[in-house]
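Structure assessment
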Amino acid sequence: MKIKEIKVFVCNPGRNFVTVKIITDAGIHGIGDATLNGREMAVVSYLEEHVAPCLIGRNAHDIEDIWQYLYKGVYWRKGPVNMAAVAAIDMALWDIKGKAAGLPVYQLLGGKSRQAVTLYAHASGEDIKDTLDKTEELINQGFKAVRLQSAVPGLNVTYGVLGDKKDYYELQGNRPLPPEEAWSTQKYFNMIVDLFAQARERFGNDVHLLHDVHSRLTPIESARLGKLLEPYNLMFLEDASIAENQDSYKVIRQHTTTPLAIGETYNTIWDCKDLIQNQLIDYLRAAATHAGGITALRRMADFASIYNVKTAPHGAPDLSPVCFAAHMHLNIWAPNFGIQEFVGLGNEQLKQIFKHQIKVEQGMAYVSDAPGLGIEFDEEEASKYPYKRSYLPVSRLEDGTVWNW
Ligand code: EZ4
Ligand code: CO
């Protein structure tokens, strides 16, 4: 089964998505997600100019060889642009292999380890009360785990919280130039412990609570936060600090038993090898789209399992439903799966472009049994929503210093 053609699409049904389609001479095609938020066109050009020409005529069944060819073979390893391209090709090839076999991808990975996938939803509010009201709505919808974010009094905009009071801010996604947000660790500390104290008071101890620091704290500040939050029993604290220096997590780890999660920006196992091997984290948040696809994530999950690290794939709105589908197959298979981040199934335009059978009920997701990834991409529908340049915000301290986004 030879690769005949590779097409790359960019559409913007509310935000940009890059989708790869591989067409074979057997009449089977597969799709993959290559969306890199704010850098979409770099991946498009990388795929069209540098990747696609090398793959025409190859056997679409050779997933591992193609992965190694695109990773080792090109000399320039790692990196977000490169690995998003590798990821999309890899997903599309798994989709094709599943369709050729007449089996959903999770069966090719080894079959189901569980019946359904536990999701965590987002409650993001303008103040503590607003966040807790939103948490209550989600608990009433059946969610067993909720990530709580709240605006920080005194700061103009806070990560994860609405800009225009209408919508979850990351869904707006169409900014011709990067907006800027302010950060103050002190102001954040004045709010964050109260948020979780009030949440436990109001909802009791059964619901799982999570929080994303979005890398705004230094390791010792994260250690302090982890310690202060211990009484409220978080499922995990996400991106407590940047871990370019993986050893720095030892500082956090030696001070707190609050479980730690990291990895949504990671491209390869090398970004987290020490974190995992030294048991400095509890959940790995790597995403199929940004860490080299299903082939790479399967390998990372197996490595993590040796050190009691669970998987908790990134599920933000800038990952396309194709990535969500890929995660569903990995999640239902991985013996060490933990939890899947979930921000809803998207708007109507998105549902018309990406069609799938994943069911979400009572905070649990059910994998599709259709062959391959079980998701289809409507090219014509997608062409109605062309690419628009768009950026993530940039974060600055109150004195103007550029800070971690
Ligand atoms: O800010 O995906 O856990 N989720 C996150 C996301 C990230 C975006 C960046 O592109 O941290 O919302
Ligand atoms: Co995050």
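Use the structure listed above.
This write-up is about the structure you can find in this document.

Some words on helix α7 (residues 219-229)
For α7, the complete set of buried residues consists of Ser222, Ala223, Leu225, Gly226 and Leu229. Projected down its long axis, α7 carries its buried residues within an arc of 165 degrees, all on one side. Close packing links the buried residues of α7 with α6 (185-203), β8 (236-238) and α8 (249-253).

Here we look at the sheet that holds strand β18 (residues 402-403)
Strand pairing in a sheet takes place through backbone hydrogen bonds and is either antiparallel or parallel in direction. With mixed pairing, three strands are arranged side by side in an open sheet as β6-β17-β18. Single-partner strands in this sheet number two, and they are β6 (180-183) and β18. Two strands pair when backbone bridges link them, and strand β17 (residues 394-397) and β18 are joined in this way by two bridges, in the antiparallel orientation. Bridging across to β18, Ser395 finds its partner in Trp403.

What about the packing of aromatic side chains?
Within this structure, the stated rule accounts for twelve aromatic pairs. Plain terms: the ring middles of Tyr188 and Phe189 are 6.0 Å apart, the flat faces sit at 80 degrees to each other, and that makes the pair edge-to-face. Classification of Tyr188 by relative accessible area gives buried; the value is 3%. Between Phe324 and Phe342, the aromatic rings sit 5.8 Å apart at their centres with planes inclined by 40 degrees, giving tilted as the arrangement. Separated by 18 residues along the polypeptide, Phe324 in helix α11 (residues 321-333) and Phe342 in the loop between β12 (340-341) and α12 (348-353) bring together distant segments of the chain. Across this residue pair, the class does not change: Phe324 and Phe342 are buried. Here the aromatic cluster, defined as three or more aromatic residues joined through ring pairs, consists of Phe9, Phe17, Phe354 and Phe377. Between Arg58 and the ring centre of Tyr69, over which it is positioned, the NZ or CZ distance is 4.0 Å. Taking the ring centre of Phe189 as reference, the NZ or CZ of Arg224 above it sits at 4.3 Å.

Rules and cut-offs
Residues numbered from 1 in each chain as written. Chains lettered and ligands numbered in written order. Predicted model: local features only at pLDDT ≥ 70, side-chain atom pairs only at ≥ 80, totals over all residues. Heavy atoms only, no water. Buried < 20%, exposed > 50% of the residue type's maximum accessible area, 1.4 Å probe, protein only. Helix = DSSP H or I, 4+ residues; strand = E, 2+ residues; numbered from the N terminus. Arc of directions from axis to C-beta. Contact = heavy atoms within 4.5 Å. Pairing = 2+ DSSP bridges. Phe/Tyr/Trp six-rings, centres within 6.5 Å; stacked < 30°, edge-to-face > 60°. Lys NZ or Arg CZ within 6 Å of the ring centre and 35° of its normal.

That's the geometry; what it means functionally is another story.
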